[in-house]
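# Survey of secondary and tertiary structure
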Amino acid sequence: MIEMVLVDDYSSLKQMKRDLLKQEIFKLFVSQCKNIKKLDWDNTQPLSLFSGASTCFSSLRDLYVDVDFVKSDALYGMAQICKGIEKLTLHNCIQDVPGLVILIDVQRNLKSLSIHYEEFKGIDKELSKAMRKKAKTITELYLSPVNCVSPLILTSFIKLEKGLFYNYSNNEYDKEIEEFQRYLKILEFPDLQYLEIEHLSCFKELSLLIEKSKGNILEINIYTKNENAENAGLLIKTISRKCPKIEKLTTHLDLVGLKYLKELLINCNYLEYLRLDCLHPKAEKMGDEILDIIIKYSPFTLKEIHLSETWMFSVGGFERFFDSWKGRDPVDFEIIYNDYNNYSYITANHKNIIRKYVNEKVINFSNCF
């Protein structure tokens, strides 16, 4: 709206008018709105210092802050108003920001904390201390990248139910990442229900973490591009024995893991979604065996299946699988195409079989066409 009013004029005088107009509009919102529950704060406006801010933001529960823009005094002002924030998302908090530390420190019931960085530099010590003080109430933690905080801090999050730990794909072998992976061995999240890991090839450590949970995990999502990653099969074995309530699973399958796929499907009776990626670009002829195990042992709750094309399914294997699925609820079936080459192991004959069973409503959806 502002750009339309002051279109095509970027002189210093017009820029000053533009900034003043922006501020007046923000002031208008703050003065007229009451009991705001959610705020995305990604501009330089000192919203907490405007007239009416206490009425506007006193009931705030969900706050996103881009620390590149919001100044410390404005965050301090928000800390005087808001003490009931339950979900806090921080973007680019790389510098020392005393107001942010105080904002976290005064919260009475902080349940969810997310920290994002465009470039890794690590948070300062005071912010780390504030995080640790609130760890006992936090049930959701999102770190991107994982090494933005000291892994030692993670030992304080004893009530964690949801953990999302992301890494940049180009620094999987950094010393700090390796330190984080080592700490996974000693971490204990007994109440864990949701776990997502990206670009960390630490299947053994994750197995140990899951071993120490109380068996209430509902969803696990693991992604890595490390072709040399080991113990993917160990993770499947652990999930099959420690996650009886799991509903959604995304992980990688190797030859060792194939031995435990049957056990996984038999023990996990609530499984609805299954995605199995291949670690290696080299094709392996295990596709038909995977399909046979799924059709024989999968629970009737299973409604969505994603499988890597790299396992070289035969056309006959596809037909047997879909024909055996008749009589069950239609399945969402998707092939995961690899990024390593331009060649596809899914041929026109495969696609014809899939099209046939789509028409017969055995399959709801497929990306193979």
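By the naming in an unreviewed UniProt entry, the protein is F-box domain-containing protein, taken from Rhizophagus irregularis.

### Some thoughts on the side chain of His-252
Considering the arrangement of structural elements, one finds His-252 in strand E9 (residues 248-253). Look at His-252 and you get buried, because its relative accessible area is 4%. Within polar-contact distance, the side chain of His-252 engages the backbone nitrogen of Thr-224 at 3.2 Å.

### Remarks on the packing of helix H9 (residues 232-242) against helix H10 (residues 255-267)
At their nearest, the axes of H9 and H10 sit 8 Å apart, and the two run at 15° to each other. Comparing their axes, H10 and H9 come out roughly parallel. The element H9 and its partner H10 pack so that their crossing is left-handed. Touching Gly-233, Ile-236, Lys-237, Ile-239, Ser-240 and Arg-241 of H9 are Val-256, Gly-257, Tyr-260, Leu-261, Glu-263, Leu-264 and Asn-267, all from H10. Counted by class, the contact of H9 with H10 contains 6 nonpolar, 4 polar and 3 charged residues.

### Some thoughts on the pattern of salt bridges
As enumerated under the stated definition, the model contains 11 salt bridges in all. We note a salt bridge from Glu-263 to Arg-241, for which the minimum N-O separation is 2.5 Å. Placement of Glu-263 in helix H10 and of Arg-241 in helix H9 is noted, with a sequence separation of 22 residues between them. For Arg-241, a relative accessible area of 48% puts it in the partly exposed group. Linked by salt bridges that have partners in common, Asp-323, Lys-326 and Glu-360 make up one network.

### Quick look at the nonpolar core
With 108 residues, the main nonpolar core has Phe-165 and Phe-333 as its most contacted residues. Split by domain, the residues of this core number at least three in each of domain 1 (33-286) and domain 2 (287-368).

### Let's talk about unusual backbone geometry
Note: most peptide bonds trans; most residues except glycine with negative phi. Omega for the peptide link from Ser-144 to Pro-145 comes to 0°, which places this bond in the cis form. Not every positive phi belongs to a glycine, and Asn-231 is a case in point at roughly 70°. You can see Asn-231 is positioned in the loop between strand E8 (219-223) and H9. At Met-312, a residue that is not glycine, the phi angle is positive and equals roughly 55°. Considering the arrangement of structural elements, one finds Met-312 in the loop between strand E11 (304-308) and helix H12 (315-325). When its relative accessible area of 28% is taken as the criterion, Met-312 is described as partly exposed.

### Quick notes on the state of the cysteines
What the rule picks out here adds up to 0 disulfides. Cys-33 carries a free sulfur, and the closest cysteine sulfur to it, the one in Cys-56, is 5.4 Å from it. Under the relative-accessibility criterion, Cys-33 is labelled partly exposed at 25%.

### Things to note about the packing of H10 against helix H11 (residues 287-297)
At a minimum axis distance of 9 Å, the contact between H10 and H11 shows a crossing angle of 20°. It follows from the interaxial angle that H10 and H11 lie roughly parallel. Judged by the sense of rotation from one axis to the other, the crossing of H10 with H11 is right-handed. For the pair H10 and H11, the contacting residues are Leu-258, Leu-261, Lys-262, Leu-265 and Ile-266 in the first and Glu-289, Ile-290, Ile-293, Ile-294 and Tyr-297 in the second. A breakdown of the residues in the contact of H10 with H11 according to their chemical character gives 8 nonpolar, no polar and 2 charged.

Calculation rules
Residues numbered from 1 in each chain as written. Predicted model: local features only at pLDDT ≥ 70, side-chain atom pairs only at ≥ 80, totals over all residues. Heavy atoms only, no water. Helix = DSSP H or I, 4+ residues; strand = E, 2+ residues; numbered from the N terminus. Buried < 20%, exposed > 50% of the residue type's maximum accessible area, 1.4 Å probe, protein only. Polar contact = N/O pair within 3.5 Å; in protein donor to acceptor, adjacent residues only side chain to side chain. Axes fitted to C-alpha atoms, helices over the stretch in contact; angles between N-to-C directions. Parallel < 35°, antiparallel > 145°, perpendicular 65-115°, else oblique. Left-handed = near helix turned anticlockwise from the far one by under 90°. Contact = heavy atoms within 4.5 Å. Nonpolar A, V, L, I, M, F, W, Y, C, P; charged D, E, K, R; others polar. Salt bridge = Lys/Arg side-chain N within 4 Å of Asp/Glu carboxyl O. Core = buried A, V, L, I, M, F, W, Y, C linked by side-chain atoms within 4.5 Å. Domains from an automatic or database assignment. Disulfide = S-S within 2.5 Å.

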